[in-house]
Amino acid sequence: MNILLWHVHGSWTTAFVHGRHRYLVPATPDRGPYGLGRARTYPWPDTAIEVSPDELAGADVDVVILQRPEELDLAEEWLGRRPGRDVPAVYVEHNTPKDGDVPHSRHPMADRDDLLIAHVTAFNQLFWDTGDTRTTVIDHGIVPPAVEYTGELDRLAVVINEPVRRWRVTGTDLLPRFAEIAPLDVFGMKVAGLAERLGLPPERVTSHDDVPQSRMHEELARRRAYLHLCRWTSLGLSLLEAMSIGMPVVALATTEAVMAVPPGAGALDTRVDTLLDTTRRFMAEPALARQAGSVARAAARDRYGLDRFLADWDRLLEEEVCASR
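So, how was this worked out
Residues numbered from 1 in each chain as written. Predicted model: local features only at pLDDT ≥ 70, side-chain atom pairs only at ≥ 80, totals over all residues. Heavy atoms only, no water. Axes fitted to C-alpha atoms, helices over the stretch in contact; angles between N-to-C directions. Helix = DSSP H or I, 4+ residues; strand = E, 2+ residues; numbered from the N terminus. Parallel < 35°, antiparallel > 145°, perpendicular 65-115°, else oblique. Contact = heavy atoms within 4.5 Å. Nonpolar A, V, L, I, M, F, W, Y, C, P; charged D, E, K, R; others polar. Pairing = 2+ DSSP bridges. Buried < 20%, exposed > 50% of the residue type's maximum accessible area, 1.4 Å probe, protein only. Salt bridge = Lys/Arg side-chain N within 4 Å of Asp/Glu carboxyl O.

As a further point, take the packing of helix α11 (residues 272-284) against helix α12 (residues 286-303). The geometry of α11 relative to α12 is characterised by a closest axis approach of 5 Å and an angle of 115° between their N-to-C directions. Looking at the two axes, α11 sits roughly perpendicular to α12. Counted together, R281, F282 and A284 of α11 and P286, L288, A289 and A292 of α12 form the full contact between these two elements. The residue makeup of the contact of α11 with α12, split by class, is six nonpolar, no polar and one charged.

Right, here's the structure in full:
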């Protein structure tokens, strides 16, 4: 199939474009949010092709993958066809509701008969009110990292995008308590200056801003454990990648993390003191950390494998495209 989709979420899109289709990714001269084009810090196959808005008017498109409400109008403008009416459309919902009205949050695509909403977690499906719009869940899949856990450094790894702006959402306010136990290495976008914002010396918090994915995985694998302190998020793909590497996990038991992190893979709790206790044990007992990491690795590769993810999407796309003919 020829699939039109915007580059919105780097890790998710990286997994998605590893399928057997041809992926048309809008690119504009300014490389803005609606024309980002191919990824720069993630490895994408050659079947992910950049297209300009002008080229889309005559493009052969079998299905449109929408990920933001405004893409509906944008796709109609650029294609000259209405998503869901003239060409099949699937709306991928990556996020938990953030409108302040949980659990009554109405989805922007609620009560539509012209598209399907594909949630990336069952938690998202549960918490969004989508009215009469059809929904399904396709769990995340990840391209398996090409590195193995060593845990040689007595340090903790964290991956957060925009930790200062998002603050309590990403559990940024909790980081100082863990920095008392071991130095933190924080990877992600817009993480520069985090130590200063937290009021901590730079030797306790080191920022690694927008590091290429493969190099980030190499660095994660050397840290003793992975911290996932998000209070309200869909399900961080970096968490699954860390688990797949073989890292033990110290995570808040919130949203979909309770389904992703199995017993024995580390610590999963809403009590921060419990997470701190486990972190101290991992620092003191590398063998224990390695044992937990083995459990995490097996769980991530079993449930969030790339082959399963792509097969689920193939079935869904075939059903949607065939149903429109």
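The structure having been displayed, the exposition proceeds.
Here we come to the sheet that holds strand β10 (residues 205-209). Sheet architecture is open: six strands sit in the order β10-β9-β8-β11-β12-β13, paired in parallel fashion. The two strands at the open ends of the sheet, each matched to only one other strand, are β10 and β13 (266-269). Pairs of neighbouring strands in the sheet enclose a mean axial angle of 20°, with direction left out of account. Across three bridges, strand β11 (residues 223-228) lies against strand β12 (residues 249-252) in parallel orientation.

In this section: the sheet that holds strand β1 (residues 2-5). Sheet strands line up and pair through hydrogen bonds in the backbone, either parallel or antiparallel. What the seven strands build is an open sheet, ordered β3-β2-β1-β4-β5-β6-β7; its pairing is parallel. Each having just a single partner strand, β3 (48-51) and β7 (134-137) make up the two edges of the open sheet. On average, each strand axis in the sheet is tilted by 25° relative to the strand beside it, whichever way the strands run. Direction of pairing for strand β4 (residues 63-66) relative to strand β5 (residues 89-93): parallel, over a ladder of three bridges. Along β5, the bridge assignment pairs V64 with A89. Sitting on the sheet, helix α3 (residues 71-79) is in contact with β1, β2 (22-26) and β4, with an inclination near 145° to β4.

Our next topic: the pairing of strand β6 (residues 116-119). The alternating pattern of β6 places L116 and A118 on one face and I117 and H119 on the opposite face, and all of these are buried. Alignment of β5 against β6, held across four bridges, turns out to be parallel. In the strand pairing of β6, V92 is matched with A118. Relative to β7, β6 is paired through four bridges, and the arrangement is parallel. Bridge pairing in β7 links I117 to T135.

Below, the discussion takes up the pattern of salt bridges. Applying the stated criterion across every chain yields a total of 30 salt bridges. Of the charged contacts, one joins R223 and E219 as a salt bridge, the two residues approaching to 2.7 Å between their closest N and O atoms. What makes R223 buried here is its relative accessible area of 6%. Residue class for E219 comes out partly exposed when judged on its relative accessible area of 21%. Two residues, D269 and R271, come together in a salt bridge whose shortest N-O distance is 3.2 Å. The network of salt bridges with shared partners includes E152, R155, D185, E219, R222 and R223.

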